[in-house]
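# A structural walkthrough
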Amino acid sequence: MKMERMRGAFAPAAIALLLFLAAGWVPAAEHPKASPPAKKEGASSQPQYAVPTPPFTPGIFPCSDCHKEMTPNPKRRELKDEHTNIVLNHAEGQRWCLDCHDTYNRDRLHLVNGQLIRFEESYRLCGQCHGDKYRDWKVGVHGKRTGMWNGEKQYLLCVNCHNPHDPRFKPLAPMPPPVRPEAIRK
Amino acid sequence: MPNEGTRDAHAHRMSRRKMMKGVAAVLGAMALPAKDAPASVWESFFQKNFRELSPEELKGVLARLEKEYSEKYKKAVTVRANPPIEGLLFGYGLDLSRCIGCRRCVYACVGENNQSRDPQIHWIRVLQLNKERGVDLEDAEQYYNPAKVPEKGHFYMPVQCQQCEHPPCTKVCPVQATWKERDGITVVDYNWCIGCRYCMAACPYGARHFNWKKAGLPPAEMNPDTHYLGNRPRPIGVVEKCTFCVQRVRNTPGRYTACVEICPVGARKFGNLLDPEGEMRYIIENKRVFILKEDLNTRPKFYYFYAT
Amino acid sequence: MTKIWEFFKGTLVLVSKGSRAYYAWMVSLLALMAVGVAAYAYQLQNGLIVTAMRDEVSWGFYISNFTFLVGVAAAAVLLVIPAYVYKWKPIKEIAVLGEMLAVSAMVMCLLFVTVDIGRPDRFWHLIPMFGILNFPQSMLAWDVVVLNAYLCLNLVIAVYICYKHYIREEPNPNFFNPMILLSIPAAVSIHTVTAFLYNGLAARPFWNASILAPRFLASAFCSGPAFMIILFQVIRKYTRIEIKNEAIFKVAELIAYSMFINLFLLGAEVFKEFYSNTIHLAPMQYLFFGLKGHSNLVPYIWTAMIFNVSAFFLFLIPQTRENYVTLNIGCVLIFIGVYIEKGMGLVIPGLVPDALGEIYEYAPTGTEILLALGIWATGLFVYTLLLRVAVPILTGEFHVGKDGVKPVIHDMEFIRRADHLAEQSYRD
């Protein structure tokens, strides 16, 4: 029984193997528009995290509503017409907008290897440089912790706490100090 | 060992019940309290230590308390007595590289655990320390109140009950009103505590607090979801402290403690120390943890670490 | 049984009659006791918030008084050892007065502990069999056991001696000797257990010193006997009890040695903290010099130090020891000095700075002081009652009559000049 099943599967397996090898030969960079589809997250490689929707400014997404009509300009410059409220304070000496936002598909971000990712997976982008935080975040050690300690844990996106353009937390007002014991009276 | 935390840790002698009934008869004759006081006052006076209650007696006690609190706070209050979940040991992680001293944990705890507002009781104390001196408790300041935190040159360390493995507080209690449960949480039976405050003298972390006055808990702010050993409203003259939100965590699934959930910078971590996949084991393996006052051999389950 | 009942009725007659001075004394004590009761009622109604104790300093004036009085109670042994072990006659006749002091001091101790606990209505939780007494793990449980045992032991011994003297019989040595011998380690045990109560707390470095138990004993043997010396002079002057000078001077000599040990041990502690200069210096620094601007206790502890050292020399030098003026000054100085040093000077620095470095300056409130006064008045009242019965028994003025049942009371006056007494003879 076993041997027959194996023989039956031989042909499809061989075709799959050939296709796989062929796909590896296609250079990805030449045709940006035809970049390979974003790798779907499989259960075996990178697990999905139950994150809330990305905290977009209302109305800003999908970005392609405006950008599909515009010609992409990959030249690094200071923006004068739009998005002037965003002042990049996040490795601004080394990078600018299009190092994270994809030039040709503004509804996506892109990883260093060119792979496009959705905004819901922006943690993969942050994790490229902030690998230690990403490792900790995946286990629940980095970031705000809510949910069930022995059940479903709630994860937040990096951007739910850190503004991606200016991620460092600003100091905030503390809640009141405790009452001194001398002031506790009858 | 009395601290092993089993419900039936003490030899309960049946004759005690008979003796108690006899005493009840005598004291009844002495009109103490007033003879027309409600039966609940008598039951409350003669109530045994939590660990000695039979399941029926426990049900009766919880029902009595629920009635009392519901009447007092004008809402439906539940008092549960969930036992420890088997095979787990709770641990806590506190990331000192993240804490900014905002004190949101302090007030979240107050709300969740029904602490008295007046006189003010806080189970969590946030200490402001100097970066140059490191963790030096003699140099700590808890009344800091700048416009914004964190302040330059300072870091922040919250302290609450460390849920020690060798608690110095439980061994000194003269009536065994406080003990360590099997899941590692040190608890107090508020109906058994006589208020001698020896445990407060024994605690090296200043984690225990006393009800010097009748608690001032506004009914509107009262959390009605309570546990007998945890956040139910405390009477006057007894000791209380952090219980790792026993009312939240002893469920399957169990919620995180209130302080863990509120922390805006994710400095607080909680979980089962015995779970190899859990946050706590990850922290112990990958971050360098330390504990407070390790020379006292208390073996706290509250681990401070630096994630960065 | 009738004999005992008649004896008891006789004691009631005795305590209810006396001289004007006696009535004045008892009435003022009762007034102070009433003030104490009122203060306690106020505290019961409002909670311990009426004291100055807070989470940071959770023990205060009540426990300070308790600790001092445990020492006073232990001092009875300083009379018992010469009297019954060495059979030294000058003290043997008056040792019972020391035992009665122990009883009164124990009553005060138990009262101080009762007013300090947050839930006195739950007192029964401490009783073994009814409640749960965490013996042997908790040192407080040990304290409950040994204090009550010591109280009962001394009460039984004192009553036994008095009753036997009253019915003109010799104490039965088979009953009496074991008890009296037991009272010696019992006295040591009450103070050792109380010291261990503090000593065992690793959280409080000021207390967590092995030297604490020896220090407690040394200071105990200073304070109680000093009170006894003054008391003996009063008794000698106003009643017919004969107390030889050499008895008093011997007690004073023993006090000198105890105070030396006390000062030496204190010096050892001070050296260790100041020389090693670890963070554990903070409580002692707070006590002697103040810490971070807080220095409430500094004048008191230096007063205590000056008093103790001066008293030590007064007791050490035979010329000043055997001069009643300097001797009495020494007794007063030592009593006050040890009261400060073993009272607030022990309890408060143990809790300041607190476990997380905070300094809360504690000073007792009016309620605490009035309640403490009420308890002291109670102790003195109890002691006076005991003396009112014991002194006439010892002088033979209260004894069983010829029928062997009804008591005979010769003297209805209590506190009378000794020179008047010499003119009358009461022995029949």
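Structural data are supplied above this passage.
Residues numbered from 1 in each chain as written. Chains lettered and ligands numbered in written order. Predicted model: local features only at pLDDT ≥ 70, side-chain atom pairs only at ≥ 80, totals over all residues. Heavy atoms only, no water.

### Overview of the overall build of chain C
Selection criterion: Working definition: helices are DSSP H or I runs of at least four residues, strands are E runs of at least two. Numbering for both runs from the N terminus. Only C-alpha atoms enter the radius of gyration; for comparison, a globular chain is expected to reach 2.2 Å times N to the power 0.38, where N is the number of residues. Residue burial is assigned from relative accessible area. The probe radius is 1.4 Å, only protein chains are included, and a residue is buried under 20% of its type maximum, exposed over 50%, and partly exposed in between. Any two residues having at least one pair of non-hydrogen atoms within 4.5 Å are treated as being in contact. Only the protein chains shown count as covering a residue, and every accessible area follows the Shrake-Rupley method with a 1.4 Å probe. For the purpose of charge, His is not counted, nor are the chain termini; Lys and Arg are scored as positive and Asp and Glu as negative. Lys charges are placed at NZ, Arg charges at CZ, Asp charges at CG and Glu charges at CD.
Each helix and strand counted, chain C has 17 helices and two strands in total. Expected size for 428 residues packed as a compact globule is a radius of gyration near 22 Å; at 22 Å, chain C falls within 12% of this value. Seen through its principal axes, chain C has C-alpha atoms that stretch 70 × 55 × 40 Å. Here chain C, with 428 residues, has 58% of them falling under the buried criterion. The contacts in chain C between residues at least 6 apart in sequence include a share of 75% that link residues at least 24 apart. Carbon and sulfur atoms make up 70% of the accessible area of chain C, which totals about 17,200 Å². Distance between charge centres in chain C, computed from 29 positive and 28 negative side chains, equals 6 Å.

### So, the overall build of chain A
Scanning chain A from N- to C-terminus turns up five helices and four strands. From first element to last, N terminus to C terminus, chain A shows the α and β order α-α-β-β-α-α-β-β-α. Of all 186 residues assigned to chain A, the portion counted as buried reaches 24%. Split by element, the accessible area of chain A, about 13,500 Å² in all, is 61% carbon and sulfur.

### Overview of the interface of chain B and chain C
Cut-off, in case you're wondering: Once two parts are put together, the accessible area they lose, assessed with a 1.4 Å probe and summed over both, is termed the buried area. Salt bridges are counted wherever a side-chain nitrogen of Lys or Arg sits within 4 Å of a carboxyl oxygen of Asp or Glu. Pairs of N or O atoms within 3.5 Å make up the polar contacts considered here, provided that, within protein, one atom can donate a hydrogen while the other can accept it, and that residues adjacent in sequence are counted only when both atoms are side-chain atoms. In this classification, Asp, Glu, Lys and Arg are treated as charged, Ala, Val, Leu, Ile, Met, Phe, Trp, Tyr, Cys and Pro as nonpolar, and every other residue, Gly included, as polar.
Taken together, the contact pairs 54 residues of chain B with 46 residues of chain C. Buried area between chain B and chain C, both sides added, is near 4,300 Å², and the carbon and sulfur share of it is 58%. Per-residue buried area on chain B facing chain C is highest for Glu138, Tyr198 and Trp212 of chain B; these three make up 19% of the total on that side. Linking chain B with chain C are three salt bridges. For Asp354 of chain C, the salt bridge is made with Arg125 of chain B, and the minimal N-O distance between the two is 3.0 Å. Taken together, the connections running from chain B to chain C amount to 30 residue pairs in polar contact (both at pLDDT 80 or more). Those elements that place two or more of their residues in the side of chain B that touches chain C are α1 (14-29), α2 (39-46), β3 (125-130), α5 (168-172), α6 (198-202) and β7 (209-210) of chain B. Considering only residue class, the side of chain B that touches chain C consists of 34 nonpolar, 11 polar and nine charged.

### Comments concerning the environment of Leu273 of chain B
Residues and elements named next belong to chain B. Within the secondary structure, Leu273 sits in the loop between β10 (268-272) and α9 (279-286). Placed 138 residues apart in sequence, Leu273 and Val135 show a C-alpha to C-alpha distance of 25 Å. In this structure Leu273 touches Leu89, Phe90, Gly91, Met280, Arg281, Ile284, Lys301 and Tyr303, once residues within four positions along its chain are discounted.

### A short note on the pattern of salt bridges
Two side chains bearing opposite charge may form a pair once their charged atoms approach each other closely. Inspection of the entire model under this criterion finds 35 salt bridges over all chains. Between Asp166 of chain A and Lys170 of chain A there is a salt bridge, with the nearest N and O atoms lying 3.3 Å from each other. Residue Lys170 of chain A is classed as exposed on the basis of its relative accessible area of 51%. Glu261 of chain B is the partner of Arg248 of chain B in a salt bridge, and the nearest nitrogen-oxygen pair spans 3.1 Å.

### Observations concerning the interface of chain A and chain B
On the chain B side, the residues contacting the 32 residues of chain A number 49 residues. For the chain A and chain B pair, buried surface summed over both sides reaches about 3,400 Å², with 60% attributable to carbon and sulfur atoms. Taken as a group, Val141, Trp149 and Met175 of chain A account for 23% of the area that chain A buries against chain B, more than any other trio of residues on that side. Our count for the chain A to chain B interface comes out at two salt bridges. One salt bridge connects Lys153 of chain A with Glu279 of chain B, and the closest N-O pair in it is separated by 2.6 Å. At the boundary of chain A with chain B, the tally comes to 20 residue pairs in polar contact (both at pLDDT 80 or more). With four residues, the top contributor of residues to the side of chain A that touches chain B is helix α4 (residues 131-139) of chain A. Tallied by class, residues from the side of chain A that touches chain B come to 16 nonpolar, seven polar and nine charged.

### Overview of the packing of aromatic side chains
The line we're drawing: Centre distance within 6.5 Å is the pairing criterion for rings of Phe, Tyr and Trp, where only the six-membered ring of Trp is used; planes under 30 degrees apart are then read as stacked, over 60 as edge-to-face, and the remainder as tilted. Counting as a charge over the ring demands two things of the Lys NZ or Arg CZ atom: a distance within 6 Å of the ring centre and an angle within 35 degrees of the ring normal.
Applying the stated criterion across every chain yields a total of 61 aromatic pairs over all chains. Note on Phe274 of chain C and Phe289 of chain C: the rings are 5.7 Å apart at their centroids and 85 degrees apart in plane angle, and the pair reads as edge-to-face. Linking Phe274 of chain C in helix α10 (residues 245-276) with Phe289 of chain C in the loop between α11 (282-288) and α12 (298-316), this pair joins segments that are 15 residues apart in sequence. In this structure Phe289 of chain C comes out as exposed when scored by relative accessible area, which is 52%. With a centroid separation of 5.5 Å and an interplanar angle of 70 degrees, the aromatic rings of Phe288 of chain C and Trp302 of chain C are classed as edge-to-face. Of this pair, Phe288 of chain C sits in helix α11 while Trp302 of chain C sits in helix α12, and the two are 14 residues apart along the sequence. An aromatic cluster of three or more residues is present, and its members are Trp149 of chain A together with Phe90, Tyr92, Phe244, Phe270, Phe290, Phe302, Tyr304 and Tyr306 of chain B. The side chain of Arg234 of chain B reaches across the aromatic face of Tyr190 of chain B, ending 5.7 Å from its centre.

### Section: the sheet that holds strand β12 (residues 302-305) of chain B
All names here are of chain B. Condition: Criterion used throughout: strands pair if DSSP finds at least two bridges between them. Axis lines are fitted to C-alpha atoms, over the contacting stretch for helices. Their N-to-C directions set the angle, which ranges from 0 to 180 degrees.
Here four strands make up an open sheet; going across it, the order is β10-β2-β12-β11 and the pairing mixed. This sheet does not close on itself; its edge strands, each paired only once, are β10 and β11 (289-290). Of the pairings in the sheet, the one linking strand β2 (residues 90-95) to β10 comprises five bridges and is antiparallel in character. Bridge assignment links Gly91 to a residue of β10, and that residue is Gly271. Relative to β10, α9 is tilted by about 110 degrees, and along the sheet it contacts β2, β10, β11 and β12.

### Side note on the side chain of Arg125 of chain B
Tracing the backbone shows Arg125 of chain B in strand β3. A distance of 3.0 Å separates a polar atom in the side chain of Arg125 of chain B from a polar atom in the side chain of Asp354 of chain C. Ignoring any residue separated from it by four or fewer positions in sequence, one finds Arg125 of chain B in contact with Gln142, Met157, Pro158, Val159 and Gly206 of chain B together with Glu56, Asp354, Leu356 and Glu358 of chain C.

### Looking at α9 of chain B
The test is simple: This arc describes the spread of directions from the helix axis toward the C-beta atoms.
Listed as buried for α9 of chain B are Glu279, Met280, Tyr282 and Ile283 of chain B. Across the axial projection of α9 of chain B, the buried residues extend over an arc of 160 degrees, all falling on one side. At its buried positions, α9 of chain B is contacted by α4 and β4 (153-154) of chain A together with β2, β10, β11 and β12 of chain B.

### What to know about the nonpolar core
Going by this rule: Within this scheme, the nonpolar core is defined by two criteria: the residues are buried Ala, Val, Leu, Ile, Met, Phe, Trp, Tyr or Cys, and they are joined through side-chain atoms within 4.5 Å.
Ranked by size, the top nonpolar core spans 169 residues in total, and within it Trp59, Leu97, Trp207 and Phe315 of chain C carry the most contacts. Among the elements that make up this core, the one with the highest residue count is helix α7 (residues 139-166) of chain C (15 residues). Look past the residues within four positions of Trp59 of chain C in its chain and what remains in contact with it is Cys196, Arg197, Tyr198 and Ala201 of chain B together with Met53, Asp116, Leu197, Tyr198, Trp207, Val347, Ile348 and Leu351 of chain C. Among the nonpolar cores identified, the runner-up in size contains 64 residues, and Leu53, Tyr73, Tyr92 and Phe244 of chain B belong to it.

### Let's talk about the state of the cysteines
To keep things clear, this is the line we draw: Any two cysteine sulfur atoms lying within 2.5 Å of each other are counted as a disulfide.
Enumeration over the complete set of coordinates arrives at zero disulfides over all chains. As a non-bridged cysteine, Cys129 of chain A has Cys100 of chain A as the owner of its nearest cysteine sulfur, 7.7 Å distant. Cys169 of chain B takes part in no disulfide bond, and the closest cysteine sulfur, belonging to Cys203 of chain B, lies 6.3 Å away.

### Focus: the packing of helix α3 (residues 61-74) of chain C against α7 of chain C
Residues and elements named next belong to chain C. For the record, the criterion: In this scheme, roughly parallel covers angles under 35 degrees and roughly antiparallel covers those over 145, while 65 to 115 is roughly perpendicular and the rest are oblique. Take the far helix as your reference; a near helix turned counterclockwise from it by less than a right angle gives a left-handed crossing, and one turned clockwise gives a right-handed crossing.
For the pair α3 and α7, interaxial distance at closest approach is 12 Å and the crossing angle is 45 degrees. On the basis of the axis angle, α3 is oblique to α7. Judged by the sense of rotation from one axis to the other, the crossing of α3 with α7 is left-handed. Of the residues in α7, those touching α3 at Phe66, Val70, Ala73 and Ala74 are Asp143, Leu147 and Tyr150.

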